[in-house]
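# Breakdown of the fold
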Amino acid sequence: MTEKTPQQHTDLPNAWNPADEEAALYQRWVDAGYFTADASSDKPPFTIVLPPPNVTGSLHMGHALNHTVMDALTRRRRMQGYEVLWLPGMDHAGIATQNVVERQLANEGVSRHDLGRERFVERVWEWKAEYGGKILDQMRRLGDGVDWSRERFTMDETLSRAVQTMFKKLYDDGLIYRAERIINWCPRCHTALSDIEVDHSDDDGELVSIRYGDGDAAIVVATTRAETMLGDTAVAVHPDDERYAHLVGTEVELPLTGRRIPIVADKHVDPEFGTGAVKVTPAHDPNDFEIGRRHDLPMLSIMDERAVITAHGPFQDMDRFEARPAVVAALREQGRIVAEKRPYVHAVGHCSRCDTVVEPRLSLQWWVNVEPLARAAGDAVRDGRTKVHPPELAKRYFDWVDNMHDWTISRQLWWGHRIPVWYGPDGETVCVGPDEQPPTGEGWHQDPDVLDTWFSSGLWPFSTMGWPERTADLAKFYPTSVLSTGYDILFFWVARMMMFGLYAMDEAQPFDHIYLHGLIRDANGKKMSKSRGNVIDPLDWMDRFGADATRFTLARGANPGADMALAEEWAAGSRNFCTKLWNATRFAIMNGATVATPLPAAEDLTEADRWILGRLAAVVSEVDELLEDFQFAKATNALYHFTWDELCDWYLELAKVQFSGDKAEGTRAVLGHALDTVLRLLHPFIPFITERLWTTLTGGESLVVAQWPSADALPAADATAGARITDVQKLVTEIRRFRSDQGLKPGQRVTTRLSGPGFAALAGHEEAIRSLARLGDPGEDFAATASLEVSLASGAATVEVDTSGTIDVAAERKRLQKDLAVAEKELKQTEGKLGNQAFLDKAPAEVVDKIRVRRDTAAADIERITARLNSLPS
RNA sequence: GGGCGCAUAGCUCAGCGGAAGAGCACCUGCCUUACAAGCAGGGGGUCGCAGGUUCGAACCCUGCUGCGCCCA
């Protein structure tokens, strides 16, 4: 104990300051080319394409979570010897970007129409150059190991070429067509929207019942959108509805218009709802449109693209929300309002980009016939070519792809991929491929519309690799390995990529695995939103706790498919973990921890050394297994507990004792090796601090390209050593509990004599036990004032203590009584089971044996504790 | 209206057929020479309710209640 361990100097500062080091570490990785994929490599490929963030967007917690997942996946595979490609980029976000630039123009007092199409698109590119893609810099702060040399943008020339190629291919195969249908129209963005770009919410509205016609011919209809009655071209009832049978085939006068409209019978009318009669507005309602088609009704549009009434009469030029009460008032004046219900809560569609209430509108648009594509997309998951994690979410995927409606792909915007179709003077329609010349001459013009952004991002897994060219990247890196995204984006994007990928790439699925993470919520499980004011900014966390702590917090909460609650305390906990790792490694280096291989032979190691190596091997296996199954939360929690509780706590304390023993070299090697391994395992999650520590500890080039640990490389677990250390831990813990109950200060050395058969088996660990429990050696004049017995696997150990004063008998009695109560409960439970013949007959033998052992242990404990209690002075 | 999921410690969540767990929060004592962003000890749960299956149920089944999500 007198010989002092020489302490080495390290170049590690006293504390880890992420802000000082992260940027430089990241730049070093990029400069070294670690993230640049090599298509000519012989290594097996591992590919992830980054879900392209919106060019207008900035990093939020959802990104941070998804990026943490992808970075962990790719960093681990890289360490495992794969040729890793993680491909970054952005999408052009048609509506969102156009909105941003239009707002900018509005501030200058001009509209896009003032500028003209060509100049406007130039302005968008200028905007992108100046303000777009902030998120890419923010990704660097997170530590994303993406291949920047392959960064892509959906409006890049090659990706635009892919879009045009795909359009042409679908068109030629008859899977793209043009048709006039009811679409979701945003009167603010002035464009069509697909079904999934519409968010439904339950809003307060009104339900107005209107009487059409008079006398015997009168019929009452109810509507939440009274103004649309101006466009009614029929009233429909169910064919079996006897109430109205006599009216079917007759006509009724439509109030306010003087028009006469037919009463038709249609079996899609629900006779139970309202009066059982519905007004039919084929040009402004999808269901009415279908009724209109079946009965060959006129399709009367009564609003323009701004949702302003165009129908002649007193309501002309009124906005739809102005027209609604005006129409109701006019009807009321005529005595035609039968009933009014306000508020009437009903589902209303809103534009997902600007929240304006969507107006169903009859309009000529381009469509994708999704039926064959969606079937293939479903089949790829059904037959296991693509696996969904967690598997429960596959059902939701099937529900979607198996019931998908045709997809409106044209958008009335200027920013995006223009539809490659030209119309001729005599009604010709020509679809032009990327290498073809569009027809020229009098009367030819291109379709003015652009394609839905999801059309181009649906091609992302292969357009980014150069499709339709047969590039080396495609050959090497497609199909991609994993697609990681939130489950909320399953329909928007994942299904589209599946459809397009299978179709364009000869039935090759775009990814082997789909990992779906949950949504980020606040500490109370509420959705984060600006209006709630509960948004946590990942950049703020990175500033205050470091990128590693931010990532580790997200990884520890990442249970597949499950939402995750976040609070600052979580990040602080992760920061504390990083600090612990830092201090432990610094301590190890100061004490000469080594990483030379191979490890010393078993006989040159202590039981503590062999125990921690066994635990290390178990953790390596466990973490590997969990990560193969996308169980990030469980894997990081296993690492957290092993690192903190076992390595940095028990083993490090044991190592302190061993440094002055005769197996100190072995201890230095085991400590160094264990830290080396743990840093490798943690690197995919907390890359910065592990890199800094590992390069200092080992002198290696970089953890990014270090080898992933293998449990096979570690010595087999030593069961005896494991049992001994477990006993040491139990003995130390029991002594500490006694000390605490007796009010003995943690720092105070307490003179103690250890004995008994249980202790005899641990004799080699006496110094460690004395150190960990802060016990002094008994001198000649040792006189115990108290004693306790601890039952260990190796038998009972006796601990006699000189507390240098009176013992707190009441505290000691309380402690023993508590132990007694536990043992008695255990005895009662186990005896109950063993007294049940059915249990003895039917339960497996090993379960019965286990219960017997527990019963015997409990009985022995009761006897021991009772004796101890009786011996206490009263 | 159709479908799915969740109800376990104050909070957020693991556990999913054989002894109730973690993180944070809380209480007590400690600046014990890696670490107070720390150390040691401690309290706290009839596992939503009611039935059923089983030798045995937080875990499987049925119903109910309360939340949440998706689709229409």
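Per an unreviewed UniProt entry, chain A is named Valine--tRNA ligase, and its organism is Prauserella flavalba. A UniProt comment under Function (unreviewed entry) is attached to chain A, and it reads "Catalyzes the attachment of valine to tRNA(Val). As ValRS can inadvertently accommodate and process structurally similar amino acids such as threonine, to avoid such errors, it has a 'posttransfer' editing activity that hydrolyzes mischarged Thr-tRNA(Val) in a tRNA-dependent manner." Quoted straight from UniProt, the Sequence similarities (unreviewed entry) entry for chain A says "Belongs to the class-I aminoacyl-tRNA synthetase family. ValS type 1 subfamily."

## A few points about the overall build of chain A
Counting secondary structure elements, chain A contains 28 helices and 29 strands. Taken over the C-alpha trace, chain A has a radius of gyration of 37 Å; the compact-globule value for 874 residues is 29 Å, which it surpasses by more than 25%. Projecting the C-alpha coordinates of chain A onto the three principal axes gives extents of approximately 120 × 65 × 55 Å. A separation threshold of at least 6 residues defines the contact pool for chain A, and within that pool the share at least 24 residues apart is 77%. For chain A, the exposed surface amounts to about 38,100 Å²; the carbon and sulfur share of it is 49%. Charged side chains in chain A number 96 positive and 131 negative. The centres of these two groups are separated by 4 Å.

## Looking at the pairing of strand E11 (residues 260-265)
Regular strands show a simple pattern: their side chains alternate between the two faces of the sheet. Two strands pair when backbone bridges link them, and strand E9 (residues 234-237) and E11 are joined in this way by 3 bridges, in the parallel orientation. The residue of E11 that forms the bridge with Val-235 is Ile-263. In this antiparallel pair of consecutive strands, strand E10 (residues 251-253) and E11, the connection spans 6 residues, and Leu-256 shows a positive phi of 70°.

## Re the side chain of Lys-168
Tracing the backbone shows Lys-168 in helix H7 (residues 157-172). Residue class for Lys-168 comes out buried when judged on its relative accessible area of 17%. Beyond its immediate chain neighbours, meaning those up to four positions away, Lys-168 contacts Cys-431, Val-432, Gly-433 and Glu-436.

## Looking at the protein's contact with RNA strand B
In the vicinity of RNA strand B, 45 residues are found, and the nearest of them are Thr-579, Lys-818, Glu-826, Lys-842 and Pro-844. Among atoms of RNA strand B positioned within 4 Å of the protein, sugar and phosphate together represent 66%. One nitrogen or oxygen atom from the side chain of Asn-576 is found 2.9 Å from a phosphate oxygen belonging to RNA strand B. Here a base nitrogen of RNA strand B and a side-chain polar atom of Lys-656 are 3.2 Å apart.

## Quick notes on helix H16 (residues 538-545)
Within the sequence span of H16, burial applies to Pro-538, Leu-539, Trp-541, Met-542 and Phe-545. Around the axis of H16, the buried residues are gathered within 160° of arc, so they sit on the same side. Elements that come into contact with the buried residues of H16 comprise helix H1 (18-32), helix H2 (61-79), helix H6 (134-142), helix H17 (547-556) and helix H18 (568-590). You can read the cap of H16 off the contacts: a side-chain oxygen lies 2.9 Å from the backbone nitrogen of Leu-539, and it is on Asp-537. Gly-546 occupies a position one or two residues after H16 and carries a positive phi of about 100°.

## Re the packing of H1 against helix H22 (residues 687-698)
Two numbers describe how H1 lies on H22: the axes approach to 10 Å, and their chain directions differ by 80°. As summarised for this structure, H1 and H22 are arranged roughly perpendicular, according to the angle between their axes. Contact residues: Glu-21, Glu-22, Leu-25, Tyr-26, Arg-28 and Trp-29 in H1; Pro-687, Phe-688, Glu-691, Arg-692 and Thr-695 in H22. A class-by-class count of the residues in the contact of H1 with H22 yields 5 nonpolar, 1 polar and 5 charged.

Conventions we followed
- Residues numbered from 1 in each chain as written.
- Chains lettered and ligands numbered in written order.
- Predicted model: local features only at pLDDT ≥ 70, side-chain atom pairs only at ≥ 80, totals over all residues.
- Heavy atoms only, no water.
- UniProt positions renumbered as here; feature names shortened; annotations may be inferred.
- Helix = DSSP H or I, 4+ residues; strand = E, 2+ residues; numbered from the N terminus.
- Rg over C-alpha atoms; globule rule 2.2 N^0.38 Å.
- Contact = heavy atoms within 4.5 Å.
- Areas by Shrake-Rupley, 256 points an atom, 1.4 Å probe, with all protein chains shown as cover.
- Lys, Arg positive; Asp, Glu negative; His and termini not counted.
- Charge placed at Lys NZ, Arg CZ, Asp CG, Glu CD.
- Pairing = 2+ DSSP bridges.
- Buried < 20%, exposed > 50% of the residue type's maximum accessible area, 1.4 Å probe, protein only.
- Near = heavy atom within 4 Å.
- Polar contact = N/O pair within 3.5 Å; in protein donor to acceptor, adjacent residues only side chain to side chain.
- Arc of directions from axis to C-beta.
- Axes fitted to C-alpha atoms, helices over the stretch in contact; angles between N-to-C directions.
- Parallel < 35°, antiparallel > 145°, perpendicular 65-115°, else oblique.
- Nonpolar A, V, L, I, M, F, W, Y, C, P; charged D, E, K, R; others polar.

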